[in-house]
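Each chain, written out:
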Amino acid sequence: MRIRVPATSANIGPGFDSCGVAVSCYLYVEVLNSSTRWQVDHSYGLSVPSDQDNLIVQTALKIAPKLLPQHIKVTSDIPLTRGLGSSSSAIVAGIELANRLGQLNLSESAKVKLATQIEGHPDNVAPAICGDFVVASYQGEKVDYVKHYFPDCELIAFIPSKELATSKSRDVLPHELTYQQAVAASSVANVMVAALVKGDLVTAGQLMEQDQFHEKFRGPLVPHLAKIRQISHEQGGYGCYLSGAGPTVIILAPEHKTDKIVPLLRELDNKAAVEIFHIDREGVQVF
Ligand code: HSE
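As the structure is a prediction and not an experimental result, all values here were calculated from the model.

## Brief notes about the environment of Ser24
Its place among the elements puts Ser24 in strand β2 (residues 19-34). Among the residues examined, Ser24 registers a relative accessible area of 26% and is labelled partly exposed. C-alpha separation for the pair Ser24 and Leu155, spaced 131 residues apart in sequence, amounts to 9.6 Å. If we skip the residues at most four places from it in the chain, Ser24 touches Phe277, His278 and Asp280. Polar side-chain contacts of Ser24 include one of 2.9 Å to the backbone nitrogen of His278.

Here it is as structure tokens:
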């Protein structure tokens, strides 16, 4: 059995802790054989546990505590702590592993709820499960979500070489917004979502850049954000936003603009990676 989970880009600007999109970059988990103890082959290095402390295994055991130990192999193109949902992909993989090995028959909404409770917010886990664009809310125990088609475009990701922990990136956020600030911030998010649903990437791209929940507070932690936005404006990108908690920055662009944008991003920092992603329409898959 082989499980494939996509990377995700959360927030999409103003949709803080609520909007996310699945992209064509994947984590794979292969079950090799049953074993006397949990054994995880991976290529992340020593910082990632290769026993039952591994996040994929921990998640699986949380969902199905009686699962028998397995020898699994994990391969992934999703960079860690870069704002592309690597921990969410691991959580979703763990839930699917428990679902299949434990024959739990979990529905999509049950998986979204479990994953959100583990992760703490739905904006990465929901698109990793459902694929495409998902708008979700998490209040107390309740998770509501809607999946919708994300208009076709390229997602050009500028992925800095230095990691940025989500906890550090959340620590710089304010504890409160005034009523007026909250109304303004949510109205921007509402228009962006409506524009995406309508397929209007030009309007959505403009609203993506007017986020008032998080980007201005996180800006100082993110290398080259202003410069990347300038490149997007000058080269015909639809819009540019901080992916999840950063430090990855994404430019949404029509396909024919990528040839111009990619080399300019590469010139900014030769240690950073620049990748072109497409929308993943399927979410988690089992082969
Ligand atoms: N919505 C989350 C944040 C995504 O911006 O902190 C990071 O996992």
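Text resumes after the structure shown.
## Quick notes on the domain arrangement of the protein
The domain boundaries assigned to the protein delineate domain 1 (2-149 + 282-286) and domain 2 (154-277). Here domain 1 and domain 2 have C-alpha centroids that lie 23 Å from each other. At the junction of the two partners, domain 1 supplies 25 residues and domain 2 supplies 33 residues. Here domain 1 packs against domain 2, burying approximately 2,100 Å² in sum over the two surfaces, 65% of which is carbon and sulfur. In terms of surface lost to domain 2, no three residues of domain 1 exceed Pro14, Phe16 and Arg82, which account for 31% of the buried area on that side. The tally of links between domain 1 and domain 2 comes to one salt bridge. With a closest N to O distance of 2.7 Å, Arg170 and Asp17 form a salt bridge. Where domain 1 meets domain 2, there are 13 residue pairs in polar contact (both at pLDDT 80 or more).

Analysis parameters
Residues numbered from 1 in each chain as written. Predicted model: local features only at pLDDT ≥ 70, side-chain atom pairs only at ≥ 80, totals over all residues. Heavy atoms only, no water. Helix = DSSP H or I, 4+ residues; strand = E, 2+ residues; numbered from the N terminus. Buried < 20%, exposed > 50% of the residue type's maximum accessible area, 1.4 Å probe, protein only. Contact = heavy atoms within 4.5 Å. Polar contact = N/O pair within 3.5 Å; in protein donor to acceptor, adjacent residues only side chain to side chain. Domains from an automatic or database assignment. Buried area = accessible area lost by both parts, 1.4 Å probe. Salt bridge = Lys/Arg side-chain N within 4 Å of Asp/Glu carboxyl O.

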